[in-house]
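Each chain is listed here by its residues.
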Amino acid sequence: MAEMRTPFFHSFMVNDPALTKVVLKERPDDFPKSDRIAAGLIPLLGRDSVFLTNGAQWKQQRRIIDPAFEGGRLREIFPVIWESAAAAVARLGATPAGSVVEIDHHASHAAADVIFRTLFSIPIESDVAREVFEAFRDHQRSRPVMNLGAFINLPAWVPRFPSRKTGETARRIRRLISKMVDERQAQIAAGTAPDDLATKIMTTADPETGALFTPAEMVDQVAIFFLAGHETSASALAWALYLVALYPEWQDQAAREAQGMAAEFSALSKLRINRDIFRETLRLYPPVPMMVREATAPETFRDRAVPVGAQIVLSPWHLHRHTRFWQSPDDFDPARWSTPECRASARDAYMPFSEGPRVCVGAGFAMLEGTLILAMLLRDFRFEVVEGRDPVPVAYMTVRAKDGIWLRVTPRGPVNPPAQTTG
Ligand code: HEM
């Protein structure tokens, strides 16, 4: 655990699984989301986004949202994600064989397509989806991972983010989303709405109070589904492709596993290698590198007094690479996921989706999406690293590469069977 104290803020970086469990699982109500992080995200997400709210309001929102993402719905959205994966394969197939491409751009495109198709039944090529996607792209690179000025509680007169440009892109994105929500509201009223995630969420009443989301509240939820659902998945997919480019033997195994897979939900259970590669990627490059909570009562952590208002920083990035919990933590080793030791490490020190009641709404969705798109891309293409273009991880809204992740992409052609051992 590390304590940091300045005139502006007092924070504790907690890297001990016993303490992360207290904060996230055992007493989450005593450690709500920090207002200081919310400040930087409100222009884009609005005040009522489930990502930022706390207490009774947050609990009600999860009661409405969670049913849309439960197991049975994943089976229903599988064909939609398959279509997105096929579209991603086609886009990459349209680039000249052997060209060097910015793979994180393709990953963002694919992840945004998944969100639009599953939420609003529209592909990324539709006008409104493309406009939102482009506005997000402008927004993303102009924002740091958090509003630093707000985090350290600087006096109000100190200039801080968001800049005018980020404010403008946030307003543009929210206007477009409002229009989509209004149109969907009208379709629901007319009985013509498609059976997708947006309709499910907008027609689900809170089982305790009977309340539905108002259109304004729904705009805040769509903004976070788009942000949380596309930025994170894109980051994970891009790093996964980079890692298999670094480790071609894993890439070939994953490609073989993906040959001939059927377009049906049950095919997923056969993608064990692809799934373990994706899990291992989330360990080494967790898209959300850190989370922040605020202490609302005096605490003692490891004999240190934690005052009210202290910021508690939880870092998947550090926990996932902690030598006490992981063997050779910096190595890329998808095989570790089949060992009993890894099960213990994962239980104590693996939280790419956070844990406890505030765990990521879309964790199951993201595992399906990541595994399937990875498998379909590896089935059809070979990815190779490019000399002099090693990506350097940086925290924007998620963990991205400073100058992008560039890989050489070649159509794979027939895949050789695994080498046979004789004797
Ligand atoms: C690889 C992909 C993903 C990763 C690594 C990821 C990770 C996370 C993490 C770590 C949190 C907790 C953040 C915090 O407490 O500060 C979170 C929350 C959330 N995620 Fe995800 N996420 C992913 C994909 C998705 C998808 C696909 C969706 C929706 C379609 C989604 C929706 C959300 C929402 C709504 C929350 C807020 C939950 C709450 O506060 O109650 N995420 N995610």
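Just so you know, these numbers come straight off a predicted model, no measurement behind them.

Here is what the cut-offs are and how they apply
- Residues numbered from 1 in each chain as written.
- Predicted model: local features only at pLDDT ≥ 70, side-chain atom pairs only at ≥ 80, totals over all residues.
- Heavy atoms only, no water.
- Helix = DSSP H or I, 4+ residues; strand = E, 2+ residues; numbered from the N terminus.
- Rg over C-alpha atoms; globule rule 2.2 N^0.38 Å.
- Buried < 20%, exposed > 50% of the residue type's maximum accessible area, 1.4 Å probe, protein only.
- Contact = heavy atoms within 4.5 Å.
- Donors = N, O, S within 2.8 Å, 3.2 Å for Na, K, Ca; no water.
- Pairing = 2+ DSSP bridges.
- Axes fitted to C-alpha atoms, helices over the stretch in contact; angles between N-to-C directions.
- Near = heavy atom within 4 Å.
- Polar contact = N/O pair within 3.5 Å; in protein donor to acceptor, adjacent residues only side chain to side chain.
- 1 Å grid on protein atoms, 1.4 Å probe; cavity = no way out; pocket = protein on both sides within 12 Å on 5 of 7 lines; lining within 4 Å.
- Sits in = over half its atoms within 2 Å of the grid points.
- Left-handed = near helix turned anticlockwise from the far one by under 90°.
- Nonpolar A, V, L, I, M, F, W, Y, C, P; charged D, E, K, R; others polar.
- UniProt positions renumbered as here; feature names shortened; annotations may be inferred.
- Core = buried A, V, L, I, M, F, W, Y, C linked by side-chain atoms within 4.5 Å.
- Salt bridge = Lys/Arg side-chain N within 4 Å of Asp/Glu carboxyl O.
- Points joined across faces, edges and corners; volume = space filled by probe spheres on them.

Draft legend 1. Spatial organisation of the overall build of the protein. Helix and strand content of the protein: 15 helices and eleven strands. Relative to the compact-globule value of 22 Å for 423 residues, the protein shows a C-alpha radius of gyration of 22 Å, a close match. Overall, the C-alpha framework of the protein stretches about 65 × 60 × 40 Å when taken along its three principal axes. Per-residue burial over the protein gives 53% buried out of 423 residues. Within the protein, contacts between residues separated by at least 24 positions form 74% of all contacts whose residues are at least 6 apart in sequence.

Draft legend 2. The arrangement of the coordination of the iron atom of the ligand in detail. Coordination of the iron atom of the ligand by the protein comes from a single atom, Cys360 (SG), at 2.3 Å. With respect to the helices and strands, Cys360 occurs in the loop between α14 (340-349) and α15 (363-380).

Draft legend 3. Representation of the pairing of strand β11 (residues 406-411). Here strand β3 (residues 99-102) runs beside β11; their pairing, made up of four bridges, is antiparallel. By the bridge assignment, Glu102 is partnered in β11 with Trp406. Relative to β11, strand β8 (residues 381-385) is paired through five bridges, and the arrangement is antiparallel. Looking at β11, one finds that Phe381 is bridged to Pro411.

Draft legend 4. A look at the sheet that holds β11. Pairing is antiparallel in the open sheet, where three strands are placed in the order β3-β11-β8. Both outer strands of the open sheet, β3 and β8, are each paired with one neighbouring strand and no more. Ignoring which end each strand starts from, the neighbouring axes of this sheet average 40° apart. Each of β3, β8 and β11 is contacted by helix α5 (residues 103-120), which is oriented at about 55° to β3, the strand it contacts most.

Draft legend 5. Expanded view of the site of the ligand. Around the ligand, the surrounding shell holds 26 residues, and the nearest of these are Trp58, Arg62, Arg293, Arg358 and Cys360. The separation between an oxygen atom of the ligand and a polar side-chain atom of Arg293 is 2.8 Å. With respect to the detected pockets, the ligand is housed in the largest cavity. Per element, the largest residue contribution to the shell around the ligand is five residues, and it comes from helix α10 (residues 215-246).

Draft legend 6. Representation of the packing of α5 against α10 in the model. With their axes 8 Å apart at the nearest point, α5 and α10 run at an angle of 140° to one another. Two packed elements cross with a definite hand, and for α5 against α10 that hand is right-handed. Contacts from Ile103, Asp104, Ala107, Ser108, Ala111, Ala112, Ile115, Phe116, Leu119 and Phe120 in α5 reach Val222, Phe225, Phe226, Gly229, His230, Ser233, Ala234, Leu237, Ala238 and Leu241 in α10. A breakdown of the residues in the contact of α5 with α10 according to their chemical character gives 15 nonpolar, four polar and one charged.

Draft legend 7. Seen up close, the sheet that holds strand β7 (residues 311-314). In space, the four strands of this open sheet follow the order β1-β2-β7-β4, with mixed pairing throughout. The sheet is open, and its two borders are formed by β1 (2-5) and β4 (291-294), each paired with just one other strand. Across the sheet, the axes of successive neighbouring strands diverge by a mean angle of 25°, strand direction being ignored. By the bridge criterion, four bridges tie β1 to strand β2 (residues 10-14) in an arrangement that is antiparallel. When the sheet's bridge partners are listed, Arg5 is paired in β2 with His10.

Draft legend 8. Broad picture of the UniProt feature "binding site: heme" (unreviewed entry) in the protein. Per the UniProt entry, the sites bearing "binding site: heme" (unreviewed entry) are Cys360 in this numbering. Residue Cys360 is classed as partly exposed on the basis of its relative accessible area, which comes to 33%. Apart from the residues within four sequence positions on either side, Cys360 is in contact with Arg62 and Phe353.

Draft legend 9. Expanded view of the environment of Leu212. Its location among the elements puts Leu212 in the loop between α9 (197-203) and α10. Dropping the residues within four chain positions of it, Leu212 is found in contact with Met202, Thr203, Thr204, Ala205 and Glu217.

Draft legend 10. Seen up close, the nonpolar core. Membership of the largest hydrophobic core comes to 129 residues, with the highest contact counts inside it found for Ile103 and Phe383. In terms of residue count, α10 provides more of this core than any other element does, 19 residues in total. Beyond its immediate stretch of four places on either side in the chain, Ile103 contacts Leu92, Ala238, Leu241, Phe383, Ile405, Leu407 and Val409.

Draft legend 11. The arrangement of the pattern of salt bridges in detail. Under the criterion given, the structure shown has 31 salt bridges. Put simply, Glu355 and Lys21 hold a salt bridge, and the shortest N to O gap is 3.8 Å. Within this pair, whereas Glu355 is found in the loop between α14 and α15, its partner Lys21 is found in helix α1 (residues 17-26), the two being separated by 334 residues in sequence. Each member of the pair, Glu355 as well as Lys21, is classed as buried.

Draft legend 12. Main features of α1. Burial analysis of α1 places seven of its ten residues in the buried class, the great majority of the element. Here α1 has its buried residues at Pro17, Leu19, Thr20, Lys21, Val22, Val23 and Leu24. Its buried side turned inward, α1 meets β2, β4, β5 (299-301), β7, α13 (316-319) and α14. Structurally, the start of α1 carries an N-cap: the backbone nitrogen of Ala18 is 2.9 Å from a side-chain oxygen of Asp16.

Draft legend 13. Spotlight on empty space enclosed by the protein. Using the criterion set out here, one finds five cavities of 30 Å³ or more in the structure. Volume-wise, the largest cavity comes out at about 1,100 Å³. The wall of the largest cavity is formed by 50 residues, among which Phe51, Ile224, Ala228, Thr232 and Val288 lie closest to the centre. Those elements that provide at least two residues to the lining of the largest cavity are α2 (35-45), α3 (55-65), α5, α10, α12 (272-284), β4 and α15. Here the lining of the largest cavity gets nine residues from one element, more than from any other, and that element is α10. Looking at the lining of the largest cavity residue by residue, the classes come out as 36 nonpolar, eight polar and six charged. In this structure, the second largest cavity occupies an estimated 70 Å³ of space. Every residue along the wall of the second largest cavity is listed here: Ala88, Arg91, Leu92, Ile103, His106, Ala107, Ala110, Leu237, Leu241 and Leu377.

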